[in-house]
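One letter stands for each residue in the lines below.
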Amino acid sequence: MRKQALGIAIAAILFGGNVYAVENVENYTVTEIINDIKHKKVTAVELVQAYMARIDNIESSKKGFNAILTQNPDVIAEAKALDKLNDKSSLSLAGVPIFVKDNINTSNMPTSHGNEALKEYQPAHNAVAVDRLIKAGALIMGKTNMAEFAMFWDTLSSAGGRTYNPQDRTKNINGSSGGSAASVVAGYAPVALGTESCGSITDVASFTSLVGYRPSPGIVPTTGMDYNTLGDTIGPLAKNVIDAATVVDVMAGEDQKDALTHGHALTETLVHSLNDNKSLKGKVLGYVVAPFGGWTAEIAITPEISATMQKALDELRARGAIIQPIHISSDWWTEYGSGSYWDATGKEDYFVRTEAKIPKGLKEQTEPFDVLNYGDLIAKSPKMNAITKDWLSYSDNKPLDPKTFNEAVESRVKFSKGVDKIYKEYGLDALIYPTVSLPPAEVEDPETLIDPNQLGTHCGWANFTGRPVISIPAGFSNNFPVGLSFLGKRFKDGKLLGMAAAFEESTTHQKLPAL
């Protein structure tokens, strides 16, 4: 008790005497911060200083998680400017600290994509999503580590090394948004931005006991982000559904430079729609276990994870949901599930469309000497692992191939029709499944990419259809978090979030580690 009292006294000295707000800063949610800033229970400066002290305390120790690549050098000044505003009523995220994945552009911090050679690559402009957060009063704390160029279900990069899972350092945190997830789980901010093509938000949420929300592509602009043209988008990793919805509400909206957003502006906020639809009563949820989107495996789910899922299904039934087991027949797979879903070229387009200050001498490493390409990055990244080099080398200097791209689009259209058929046949409101149905890979040597050992993702159900998906903590298996995913209907995100929030309210499955 004496130590606790001493700690409170020190906190009061360091943070202006407002013990209430900063004593347990790691427990804060977005909603609580918005409320406390509004009622002047805490200042933005106090919050930022408390988070920065926590980051320094943990990340400077031998048990740090390598979650962060860059901290915002201007964040204290930005917090002070916010505190000076007499009227913050128009700022829906006033004082909320947020970390940003390092493939999303920021004008005052480099955007490395997890690549060693790009640690000083400086975009001239913020991504549209980041600009909207800042205009809403959010405070960008810094940039998070990621799988190099967002390519793997493992967060290992030549820029930052391995990001460790705060839930269990010996287990994979997954990827590619592992740094963003770790920053929230470790209590460095209440929310962080990730990006997802296939599992990069939801899979890491499952492995960290967080909420991971991948909106329908077209709701959040991708302008200023290094995106995969086949179904990539920005989304949050948060402690609860309402926080995730609140952040996406700010980022959402049409953007002139992103054609996918045209005609898809939200007619009402996600928070409002979520509250209107927060019920599971009578909702028909199709439960499927058919990992799709990653490597194939001999088993679809372990008995332990299956048992955790069965308990979650019982909880859904207790809230009035109707659970419909879904068996995907071999005939269905033959008709709808065969094909090529990815293209492998044209990836360097990001460097063409991004105005940026390129590190001196970088683009002169390989031909052509007047443009930046993957060959340059490989030449200047001695810490890059062999698999990453192989993948980047394959795409080096290759423009988008219309044939393979169109084949991928056609495969996705076919698959989407098959999923639509399942929804119609069973009258589904949502498809549900274990976010990752096999255990996390064991962490090996820090420089060893463990992605090939990470099986069990269901990410293709969302990525190949353009449907929104959210992963919710659903319990534990062998003392490790397990997530349950809800797959909704395109641009019906509010209804999806309502069902997920109703499940979240009825459970106490989220457990964040005491560090």
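Conventions adopted
- Residues numbered from 1 in each chain as written.
- Predicted model: local features only at pLDDT ≥ 70, side-chain atom pairs only at ≥ 80, totals over all residues.
- Heavy atoms only, no water.
- Helix = DSSP H or I, 4+ residues; strand = E, 2+ residues; numbered from the N terminus.
- Rg over C-alpha atoms; globule rule 2.2 N^0.38 Å.
- Buried < 20%, exposed > 50% of the residue type's maximum accessible area, 1.4 Å probe, protein only.
- Contact = heavy atoms within 4.5 Å.
- Areas by Shrake-Rupley, 256 points an atom, 1.4 Å probe, with all protein chains shown as cover.
- Lys, Arg positive; Asp, Glu negative; His and termini not counted.
- Charge placed at Lys NZ, Arg CZ, Asp CG, Glu CD.
- 1 Å grid on protein atoms, 1.4 Å probe; cavity = no way out; pocket = protein on both sides within 12 Å on 5 of 7 lines; lining within 4 Å.
- Points joined across faces, edges and corners; volume = space filled by probe spheres on them.
- pLDDT = per-residue confidence, 0-100.
- Polar contact = N/O pair within 3.5 Å; in protein donor to acceptor, adjacent residues only side chain to side chain.
- Arc of directions from axis to C-beta.
- Phe/Tyr/Trp six-rings, centres within 6.5 Å; stacked < 30°, edge-to-face > 60°.
- Lys NZ or Arg CZ within 6 Å of the ring centre and 35° of its normal.
- Disulfide = S-S within 2.5 Å.
- Salt bridge = Lys/Arg side-chain N within 4 Å of Asp/Glu carboxyl O.

Draft legend 1. Summary view of the overall build of the chain. Summing up its helical and strand segments, the chain has 18 helices and 15 strands in all. Scaling as 2.2 N^0.38, a compact globule of 515 residues should have a C-alpha radius of gyration of about 24 Å, and the chain matches this with 22 Å. For the C-alpha atoms alone, the extent of the chain along its principal axes is close to 70 × 65 × 45 Å. Buried residues in the chain amount to 57% of all 515 residues. Taking contacts inside the chain between residues at least 6 apart in sequence as the whole, the part at least 24 apart equals 75%. Here the chain displays about 21,200 Å² of accessible surface, and carbon together with sulfur accounts for 52% of that area. Charge separation in the chain, taken as the distance between the mean sites of 49 positive and 59 negative side-chain charges, equals 5 Å.

Draft legend 2. Region of the structure containing empty space enclosed by the protein. A complete count under the given rule lists one cavity of 30 Å³ or more for this structure. Space inside the largest cavity adds up to approximately 40 Å³.

Draft legend 3. Geometry of the confidence of the model for the chain. Across the chain, the average pLDDT comes to 93, with 95% of residues at or above 70. Scored below 50 in pLDDT, residues 1-20 shows 17 contacts in the model against residues more than four places distant or in partner chains.

Draft legend 4. Structural detail: the environment of Ser 279. Among the structural elements, Ser 279 can be located in the loop between helix H10 (270-276) and strand E10 (284-287). There is a polar contact of 3.1 Å between the side chain of Ser 279 and the backbone nitrogen of Lys 281.

Draft legend 5. Spatial organisation of helix H5 (residues 75-83). Turning to H5, its buried residues number three or more, namely Val 75, Ala 79 and Leu 82. The buried residues of H5 occupy an angular sector of 60 degrees when the element is viewed end-on, so they sit on one face. As for H5, its buried residues are in contact with helix H4 (44-59) and strand E4 (139-144).

Draft legend 6. Seen up close, the packing of aromatic side chains. One pass over the full model with this rule turns up 18 aromatic pairs. With centroids separated by 5.0 Å and ring planes inclined at 50 degrees, the aromatic side chains of Phe 152 and Trp 391 adopt a geometry described as tilted. One end of the pair, Phe 152, is in the loop between E4 and strand E5 (156-157); the other, Trp 391, is in helix H15 (residues 386-395), with 239 residues separating them in the sequence. On the basis of an interplanar angle of 45 degrees and a centroid distance of 5.4 Å, the ring pair of Phe 415 and Trp 461 is categorised as tilted. A residue pair is termed long-range when its members are at least 10 positions apart, and Phe 415 in helix H16 (residues 402-426) and Trp 461 in helix H17 (residues 460-463) qualify at 46 residues. Just as Phe 415 is buried, Trp 461 falls in that class too. Here a set of aromatic residues connected by ring pairs shows up, and it is made of Trp 332, Trp 333, Tyr 336, Tyr 341, Trp 342, Phe 415, Trp 461 and Phe 464. A cation over a ring is seen here: Arg 412 above Trp 342, with NZ or CZ 4.9 Å from the ring centre. Stacked on the ring of Tyr 423, the Lys or Arg Arg 467 has its end atom at 3.9 Å from the ring centre.

Draft legend 7. Spotlight on the state of the cysteines. Under the defined criterion, the tally for this structure stands at one disulfide. Here Cys 198 engages in a disulfide with Cys 459; their sulfurs sit 2.0 Å apart. Its S-S torsion of approximately 90 degrees makes the covalent link between Cys 198 and Cys 459 right-handed. A residue pair is termed long-range when its members are at least 10 positions apart, and Cys 198 in the loop between strand E7 (191-196) and helix H8 (202-208) and Cys 459 in the loop between strand E13 (430-434) and H17 qualify at 261 residues.

Draft legend 8. How the structure looks around the pattern of salt bridges. This structure, assessed with the given rule, holds 12 salt bridges. Close ionic contact of Lys 171 with Asp 168 constitutes a salt bridge, the shortest N to O distance being 3.4 Å. Asp 168 gets classed as partly exposed once you look at its relative accessible area, which sits at 25%. The partner of Asp 343 in a salt bridge is Lys 347, with the nearest N and O atoms 3.6 Å apart. Among the charged side chains, a network of salt bridges with common partners joins Asp 168, Lys 171 and Glu 442.

Draft legend 9. Fine view of the side chain of Asn 115. Within the element layout of this structure, Asn 115 appears in the loop between strand E2 (97-101) and strand E3 (122-123). On the basis of relative accessible area, Asn 115 is assigned to the buried category, the value being 0%. Contacts of Asn 115, omitting those with residues within four sequence positions, involve Glu 148, Phe 149, Ser 158, Ala 159, Leu 377, Ser 381 and Met 384.

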